[in-house]
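# Notes for the structure review
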Amino acid sequence: MPRLKKTAFPFLIITVASALYALGFVWCYAPNGIAFGGITGVAQIINYLIPALPVGVTVIMLNVPLFILGWKFIGGRLLVSSLYAMFISSVFIDTLTPLREWEPMDPLLACVYGGVLMGLSLGLVFQQGATTGGTDLIARLLKLKLAWLPMGKLLMGIDLAVILSVSVTFRALNAALYGLVALYISTLVMDGVLYGLDTAKVAYIISDKNQEISDAIVKDLDRGVTILYGRGAYTGREKDVLMCAFKQREIAAIKAAVKGIDPAAFVIVCDAHEVLGEGFRDYKKDDL
(Lines give C-alpha, C1' and ligand atoms only; values in the text may rest on other atoms or scores of the structure.)
Protein backbone atom coordinates (compact mmCIF):
# COMPACT_ATOMS: atom_id res chain seq x y z
CA MET A 1 0.00 0.00 0.00
CA PRO A 2 2.75 2.56 0.83
CA ARG A 3 4.38 1.75 -2.52
CA LEU A 4 1.07 2.30 -4.31
CA LYS A 5 0.64 5.68 -2.62
CA LYS A 6 4.20 6.63 -3.54
CA THR A 7 3.49 5.78 -7.19
CA ALA A 8 0.01 7.31 -7.32
CA PHE A 9 0.83 10.63 -5.65
CA PRO A 10 3.05 11.97 -8.48
CA PHE A 11 0.31 11.16 -11.00
CA LEU A 12 -2.22 13.02 -8.84
CA ILE A 13 0.05 16.09 -8.82
CA ILE A 14 0.52 15.78 -12.58
CA THR A 15 -3.26 15.61 -13.08
CA VAL A 16 -3.86 18.77 -11.03
CA ALA A 17 -0.99 20.55 -12.80
CA SER A 18 -2.33 19.51 -16.20
CA ALA A 19 -5.75 20.94 -15.32
CA LEU A 20 -4.07 24.25 -14.40
CA TYR A 21 -2.12 24.15 -17.66
CA ALA A 22 -5.30 23.66 -19.69
CA LEU A 23 -7.15 26.36 -17.73
CA GLY A 24 -4.37 28.86 -18.40
CA PHE A 25 -4.50 28.10 -22.11
CA VAL A 26 -8.29 28.18 -22.68
CA TRP A 27 -8.98 31.04 -20.24
CA CYS A 28 -6.04 33.39 -20.79
CA TYR A 29 -4.15 32.56 -23.98
CA ALA A 30 -6.60 31.35 -26.63
CA PRO A 31 -9.45 33.90 -26.25
CA ASN A 32 -7.00 36.81 -26.12
CA GLY A 33 -4.92 35.70 -29.10
CA ILE A 34 -1.74 35.62 -27.02
CA ALA A 35 1.11 33.81 -28.73
CA PHE A 36 1.81 30.54 -26.95
CA GLY A 37 5.12 28.70 -27.06
CA GLY A 38 5.92 25.03 -27.37
CA ILE A 39 4.06 22.30 -29.21
CA THR A 40 0.78 23.78 -27.94
CA GLY A 41 1.71 26.97 -29.77
CA VAL A 42 2.36 24.99 -32.96
CA ALA A 43 -1.00 23.26 -32.45
CA GLN A 44 -2.56 26.69 -32.02
CA ILE A 45 -1.22 27.65 -35.46
CA ILE A 46 -2.52 24.44 -37.05
CA ASN A 47 -5.93 24.89 -35.39
CA TYR A 48 -6.08 28.44 -36.76
CA LEU A 49 -5.28 27.22 -40.27
CA ILE A 50 -7.37 24.02 -40.00
CA PRO A 51 -10.18 24.61 -37.46
CA ALA A 52 -11.34 20.99 -37.79
CA LEU A 53 -8.23 19.86 -35.88
CA PRO A 54 -8.68 20.47 -32.12
CA VAL A 55 -5.67 21.81 -30.26
CA GLY A 56 -5.50 18.86 -27.85
CA VAL A 57 -5.64 16.19 -30.55
CA THR A 58 -3.04 18.05 -32.61
CA VAL A 59 -0.71 18.22 -29.61
CA ILE A 60 -0.93 14.43 -29.20
CA MET A 61 -0.24 13.86 -32.90
CA LEU A 62 2.79 16.15 -32.90
CA ASN A 63 4.18 14.53 -29.77
CA VAL A 64 4.18 10.96 -31.08
CA PRO A 65 7.51 11.20 -32.97
CA LEU A 66 9.09 13.18 -30.12
CA PHE A 67 8.21 10.52 -27.56
CA ILE A 68 9.50 7.77 -29.81
CA LEU A 69 12.79 9.67 -30.05
CA GLY A 70 12.81 10.40 -26.32
CA TRP A 71 12.42 6.77 -25.30
CA LYS A 72 16.10 6.10 -25.98
CA PHE A 73 17.37 8.98 -23.84
CA ILE A 74 14.79 9.27 -21.06
CA GLY A 75 13.88 5.73 -20.10
CA GLY A 76 10.60 4.03 -19.33
CA ARG A 77 9.55 5.58 -16.00
CA LEU A 78 9.99 9.20 -17.05
CA LEU A 79 8.47 8.53 -20.45
CA VAL A 80 5.33 6.98 -18.95
CA SER A 81 4.73 9.94 -16.63
CA SER A 82 5.44 12.37 -19.49
CA LEU A 83 3.03 10.53 -21.79
CA TYR A 84 0.38 10.75 -19.09
CA ALA A 85 1.02 14.48 -18.54
CA MET A 86 0.88 15.19 -22.27
CA PHE A 87 -2.28 13.13 -22.75
CA ILE A 88 -4.23 14.40 -19.75
CA SER A 89 -3.34 18.07 -20.40
CA SER A 90 -4.53 17.69 -24.00
CA VAL A 91 -7.76 16.07 -22.81
CA PHE A 92 -8.32 18.91 -20.35
CA ILE A 93 -7.81 21.49 -23.11
CA ASP A 94 -10.36 19.86 -25.43
CA THR A 95 -12.76 19.32 -22.49
CA LEU A 96 -12.61 22.88 -21.13
CA THR A 97 -12.73 24.63 -24.52
CA PRO A 98 -16.43 23.90 -25.32
CA LEU A 99 -17.46 23.98 -21.66
CA ARG A 100 -18.29 27.69 -21.78
CA GLU A 101 -17.73 30.84 -23.82
CA TRP A 102 -14.25 31.95 -22.80
CA GLU A 103 -14.48 35.70 -23.33
CA PRO A 104 -11.42 37.90 -23.85
CA MET A 105 -10.11 39.87 -20.88
CA ASP A 106 -7.62 42.69 -20.48
CA PRO A 107 -4.50 41.41 -22.31
CA LEU A 108 -2.14 42.32 -19.49
CA LEU A 109 -4.29 40.48 -16.96
CA ALA A 110 -4.32 37.50 -19.33
CA CYS A 111 -0.52 37.61 -19.54
CA VAL A 112 -0.11 37.76 -15.77
CA TYR A 113 -2.63 35.08 -14.82
CA GLY A 114 -1.84 32.91 -17.83
CA GLY A 115 1.88 33.11 -17.12
CA VAL A 116 1.38 32.25 -13.45
CA LEU A 117 -0.86 29.26 -14.26
CA MET A 118 1.53 27.97 -16.92
CA GLY A 119 4.64 28.43 -14.80
CA LEU A 120 3.01 26.82 -11.77
CA SER A 121 1.70 23.85 -13.74
CA LEU A 122 4.96 23.18 -15.60
CA GLY A 123 6.97 23.55 -12.41
CA LEU A 124 4.78 20.97 -10.66
CA VAL A 125 5.02 18.58 -13.62
CA PHE A 126 8.83 18.90 -13.77
CA GLN A 127 9.02 18.34 -10.01
CA GLN A 128 7.47 14.92 -10.56
CA GLY A 129 10.14 14.06 -13.13
CA ALA A 130 7.77 14.39 -16.08
CA THR A 131 7.13 16.80 -18.96
CA THR A 132 4.06 17.78 -20.94
CA GLY A 133 5.80 16.69 -24.12
CA GLY A 134 6.91 18.79 -27.06
CA THR A 135 9.44 21.51 -26.26
CA ASP A 136 9.20 20.59 -22.57
CA LEU A 137 10.56 17.19 -23.52
CA ILE A 138 13.26 18.79 -25.67
CA ALA A 139 14.25 21.04 -22.75
CA ARG A 140 14.34 18.04 -20.42
CA LEU A 141 16.74 16.29 -22.81
CA LEU A 142 18.89 19.40 -23.16
CA LYS A 143 19.05 19.61 -19.37
CA LEU A 144 21.03 16.36 -19.39
CA LYS A 145 23.82 18.17 -21.25
CA LEU A 146 23.28 21.67 -19.84
CA ALA A 147 22.78 20.82 -16.16
CA TRP A 148 23.85 24.31 -15.06
CA LEU A 149 21.06 26.06 -16.99
CA PRO A 150 17.66 26.46 -15.23
CA MET A 151 14.72 24.73 -16.91
CA GLY A 152 12.84 28.00 -17.26
CA LYS A 153 15.66 29.57 -19.26
CA LEU A 154 15.91 26.52 -21.52
CA LEU A 155 12.20 26.61 -22.28
CA MET A 156 12.27 30.36 -22.84
CA GLY A 157 14.80 30.06 -25.63
CA ILE A 158 12.89 27.27 -27.36
CA ASP A 159 9.51 28.96 -26.98
CA LEU A 160 10.65 32.30 -28.40
CA ALA A 161 10.79 30.88 -31.93
CA VAL A 162 7.32 29.38 -31.62
CA ILE A 163 5.86 32.62 -30.24
CA LEU A 164 7.23 34.57 -33.19
CA SER A 165 5.70 31.99 -35.55
CA VAL A 166 2.33 32.30 -33.84
CA SER A 167 2.40 36.09 -34.14
CA VAL A 168 3.22 35.83 -37.85
CA THR A 169 0.34 33.39 -38.35
CA PHE A 170 -2.13 35.65 -36.56
CA ARG A 171 -0.53 38.70 -38.23
CA ALA A 172 -0.50 40.54 -34.96
CA LEU A 173 2.63 42.01 -33.40
CA ASN A 174 0.76 42.42 -30.13
CA ALA A 175 0.29 38.66 -29.96
CA ALA A 176 4.06 38.19 -29.84
CA LEU A 177 4.62 41.07 -27.42
CA TYR A 178 2.00 39.82 -24.98
CA GLY A 179 3.30 36.29 -25.47
CA LEU A 180 6.79 37.39 -24.44
CA VAL A 181 5.41 39.00 -21.29
CA ALA A 182 3.49 35.84 -20.40
CA LEU A 183 6.54 33.69 -21.22
CA TYR A 184 8.76 35.76 -18.93
CA ILE A 185 6.25 35.50 -16.07
CA SER A 186 5.81 31.76 -16.53
CA THR A 187 9.62 31.33 -16.55
CA LEU A 188 9.96 33.18 -13.24
CA VAL A 189 7.14 31.18 -11.65
CA MET A 190 8.46 27.87 -12.99
CA ASP A 191 11.98 28.46 -11.70
CA GLY A 192 10.43 29.64 -8.43
CA VAL A 193 8.56 26.35 -8.08
CA LEU A 194 11.61 24.27 -9.03
CA TYR A 195 14.29 26.20 -7.18
CA GLY A 196 12.87 29.14 -5.26
CA LEU A 197 10.73 27.30 -2.72
CA ASP A 198 13.95 26.20 -1.08
CA THR A 199 14.76 29.83 -0.29
CA ALA A 200 18.16 30.08 1.30
CA LYS A 201 20.91 32.59 1.89
CA VAL A 202 24.65 32.37 2.40
CA ALA A 203 26.44 34.78 4.75
CA TYR A 204 30.16 35.55 4.66
CA ILE A 205 31.31 37.10 7.93
CA ILE A 206 34.64 38.82 8.55
CA SER A 207 35.28 39.82 12.14
CA ASP A 208 37.92 39.93 14.86
CA LYS A 209 35.51 37.95 17.05
CA ASN A 210 34.99 34.94 14.81
CA GLN A 211 34.99 32.38 17.60
CA GLU A 212 32.22 34.09 19.56
CA ILE A 213 30.14 34.61 16.43
CA SER A 214 30.65 31.02 15.31
CA ASP A 215 29.63 29.69 18.74
CA ALA A 216 26.49 31.84 18.75
CA ILE A 217 25.40 30.68 15.31
CA VAL A 218 26.08 27.00 16.02
CA LYS A 219 24.69 26.81 19.56
CA ASP A 220 21.93 29.42 19.59
CA LEU A 221 20.71 29.31 15.99
CA ASP A 222 21.52 25.65 15.26
CA ARG A 223 23.25 26.42 11.97
CA GLY A 224 26.56 25.09 10.74
CA VAL A 225 29.53 27.37 10.11
CA THR A 226 32.49 26.75 7.82
CA ILE A 227 35.78 28.58 8.33
CA LEU A 228 37.43 29.83 5.15
CA TYR A 229 41.00 31.10 5.16
CA GLY A 230 41.56 34.52 3.62
CA ARG A 231 44.10 37.32 3.48
CA GLY A 232 43.49 41.05 3.30
CA ALA A 233 44.73 42.51 0.02
CA TYR A 234 45.63 45.87 1.57
CA THR A 235 47.06 44.78 4.94
CA GLY A 236 48.35 41.38 3.88
CA ARG A 237 47.07 39.98 7.19
CA GLU A 238 45.61 36.49 7.32
CA LYS A 239 42.00 36.51 8.43
CA ASP A 240 39.36 33.80 8.83
CA VAL A 241 36.05 34.17 6.99
CA LEU A 242 32.94 32.48 8.37
CA MET A 243 30.50 31.02 5.86
CA CYS A 244 26.99 30.06 6.94
CA ALA A 245 24.00 28.84 4.91
CA PHE A 246 20.56 29.50 6.38
CA LYS A 247 16.89 29.84 5.55
CA GLN A 248 15.43 33.13 4.34
CA ARG A 249 13.38 33.54 7.52
CA GLU A 250 16.54 33.33 9.66
CA ILE A 251 18.30 36.32 8.13
CA ALA A 252 17.24 38.76 10.85
CA ALA A 253 18.41 36.42 13.62
CA ILE A 254 21.77 35.84 11.90
CA LYS A 255 22.46 39.57 11.47
CA ALA A 256 21.34 40.34 15.02
CA ALA A 257 23.63 37.64 16.42
CA VAL A 258 26.64 38.87 14.45
CA LYS A 259 26.14 42.57 15.10
CA GLY A 260 25.32 41.92 18.75
CA ILE A 261 28.78 40.44 19.22
CA ASP A 262 30.76 42.67 16.86
CA PRO A 263 29.07 45.84 15.55
CA ALA A 264 32.07 46.38 13.26
CA ALA A 265 31.78 42.93 11.61
CA PHE A 266 31.78 42.89 7.81
CA VAL A 267 28.82 40.79 6.61
CA ILE A 268 27.94 39.78 3.04
CA VAL A 269 24.58 38.05 2.50
CA CYS A 270 24.00 36.35 -0.88
CA ASP A 271 21.14 34.44 -2.43
CA ALA A 272 21.72 30.69 -2.62
CA HIS A 273 20.34 29.04 -5.74
CA GLU A 274 20.09 25.64 -4.06
CA VAL A 275 21.32 24.20 -0.79
CA LEU A 276 21.56 20.44 -0.44
CA GLY A 277 22.38 18.67 2.80
CA GLU A 278 21.45 18.52 6.46
CA GLY A 279 18.95 21.17 7.48
CA PHE A 280 17.93 21.77 3.86
CA ARG A 281 16.76 19.36 1.19
CA ASP A 282 18.16 16.04 0.00
CA TYR A 283 19.49 15.39 -3.48
CA LYS A 284 17.30 13.31 -5.77
CA LYS A 285 18.60 11.33 -8.73
CA ASP A 286 16.62 13.18 -11.42
CA ASP A 287 16.98 16.63 -9.87
CA LEU A 288 16.56 19.51 -12.29
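Whatever comes next refers back to the structure up there.
Note that the structure is a prediction, hence the values are computed from the model and not measured. (Residues numbered from 1 in each chain as written. Predicted model: local features only at pLDDT ≥ 70, side-chain atom pairs only at ≥ 80, totals over all residues. Heavy atoms only, no water.)

## What about the overall build of the protein chain?
On a plain count of helices and strands, the protein chain comes out with 10 helices and four strands. Going residue by residue from the N terminus, the α and β elements of the protein chain occur as α-α-α-α-α-α-α-α-β-α-β-β-α-β. Looking at the protein chain as a whole, 43% of its 288 residues are labelled buried. Summarising the internal contacts of the protein chain: among those between residues at least 6 apart in sequence, 72% fall at separations of at least 24. Of the roughly 15,700 Å² of accessible surface on the protein chain, a fraction of 65% belongs to carbon and sulfur atoms. (Helix = DSSP H or I, 4+ residues; strand = E, 2+ residues; numbered from the N terminus. Buried < 20%, exposed > 50% of the residue type's maximum accessible area, 1.4 Å probe, protein only. Contact = heavy atoms within 4.5 Å. Areas by Shrake-Rupley, 256 points an atom, 1.4 Å probe, with all protein chains shown as cover.)

## Regarding the nonpolar core
Phe25, Tyr29 and Ile93 are the most contacted members of the largest nonpolar core, which has 32 residues in total. If you list the elements that add at least two residues to this core, you get α1 (2-29), α2 (38-49), α3 (55-74), α4 (76-96), α5 (107-127), α6 (135-145), α7 (151-170) and α8 (173-196). Considering each element in turn, this core owes the most residues, six residues, to α1. Discounting residues that sit within four places of it in the chain, Phe25 has contacts with Ala30, Pro31, Phe36, Thr40, Gln44, Val55, Ile93 and Met118. (Core = buried A, V, L, I, M, F, W, Y, C linked by side-chain atoms within 4.5 Å.)

## Comments concerning the packing of aromatic side chains
By convention here, two paired aromatic rings are described through the distance between centres and the angle between planes. Tallied over the full model, the rule gives two aromatic pairs. Geometrically, the ring pair formed by Phe11 and Tyr84 is edge-to-face, given 5.3 Å between the ring centres and 70 degrees between the ring planes. Taken as a pair, Phe11 in helix α1 and Tyr84 in helix α4 lie far apart in primary sequence, 73 residues in all. Judged by relative accessible area, Phe11 falls into the partly exposed class, the value being 27%. In this structure Tyr84 comes out as partly exposed when scored by relative accessible area, which is 26%. A centroid spacing of 6.3 Å and a plane angle of 40 degrees characterise the contact between Trp27 and Tyr113, whose relative ring orientation is tilted. Separated by 86 residues along the polypeptide, Trp27 in helix α1 and Tyr113 in helix α5 bring together distant segments of the chain. We classify Tyr113 as partly exposed; its relative accessible area is 44%. The cationic tip of Arg100 hangs over the ring face of Trp102; the distance from NZ or CZ to the ring centre is 4.8 Å. (Phe/Tyr/Trp six-rings, centres within 6.5 Å; stacked < 30°, edge-to-face > 60°. Lys NZ or Arg CZ within 6 Å of the ring centre and 35° of its normal.)

## A closer look at the pairing of strand β2 (residues 226-231)
Within a regular strand, side chains alternate between the sheet's two faces. Pairing geometry for β2 and strand β3 (residues 238-247), over six bridges, is antiparallel. Within β3, the residue paired with Tyr229 across the bridge is Asp240. Between β2 and β3, which follow one another and run antiparallel, lie six residues, and Gly236 among them has a positive phi close to 75 degrees. (Pairing = 2+ DSSP bridges.)

## Points about the packing of helix α9 (residues 210-220) against helix α10 (residues 251-261)
Relative orientation of the contacting elements α9 and α10 amounts to 150 degrees, with a least axis distance of 9 Å. By the angle between their axes, α9 is roughly antiparallel relative to α10. Read as a crossing pair, α9 and α10 show a hand that is right-handed. Contact residues: Glu212, Ile213, Ala216 and Ile217 in α9; Ile254, Val258 and Ile261 in α10. (Axes fitted to C-alpha atoms, helices over the stretch in contact; angles between N-to-C directions. Parallel < 35°, antiparallel > 145°, perpendicular 65-115°, else oblique. Left-handed = near helix turned anticlockwise from the far one by under 90°.)

## Observations concerning the pattern of salt bridges
Throughout the structure, instances matching the rule amount to three salt bridges. Linking Asp271 and Lys201 is a salt bridge whose minimum nitrogen-to-oxygen distance equals 2.2 Å. Here Asp271 is found in strand β4 (residues 266-272), whereas its partner Lys201 is found in strand β1 (residues 200-206), with 70 residues between them in sequence. The class of Asp271 is exposed, set by a relative accessible area of 62%. Lys239 is the partner of Asp208 in a salt bridge, and the nearest nitrogen-oxygen pair spans 2.9 Å. Taken together, the positions of Asp208 in the loop between β1 and α9 and Lys239 in strand β3 put the pair 31 residues apart, joining distant regions of the chain. (Salt bridge = Lys/Arg side-chain N within 4 Å of Asp/Glu carboxyl O.)

## A few points about the layout of surface pockets
The volume enclosed by the second largest pocket comes to roughly 290 Å³. Considering the residues around the second largest pocket, the lining is formed by 16 residues, among which Phe25, Ala30, Asn47, Val55 and Thr97 are closest to the centre. Going through the elements one at a time, α1, α2 and α4 are the ones with two or more residues in the lining of the second largest pocket. In terms of residue count, the dominant contributor to the lining of the second largest pocket is α2 (three residues). (1 Å grid on protein atoms, 1.4 Å probe; cavity = no way out; pocket = protein on both sides within 12 Å on 5 of 7 lines; lining within 4 Å. Points joined across faces, edges and corners; volume = space filled by probe spheres on them.)

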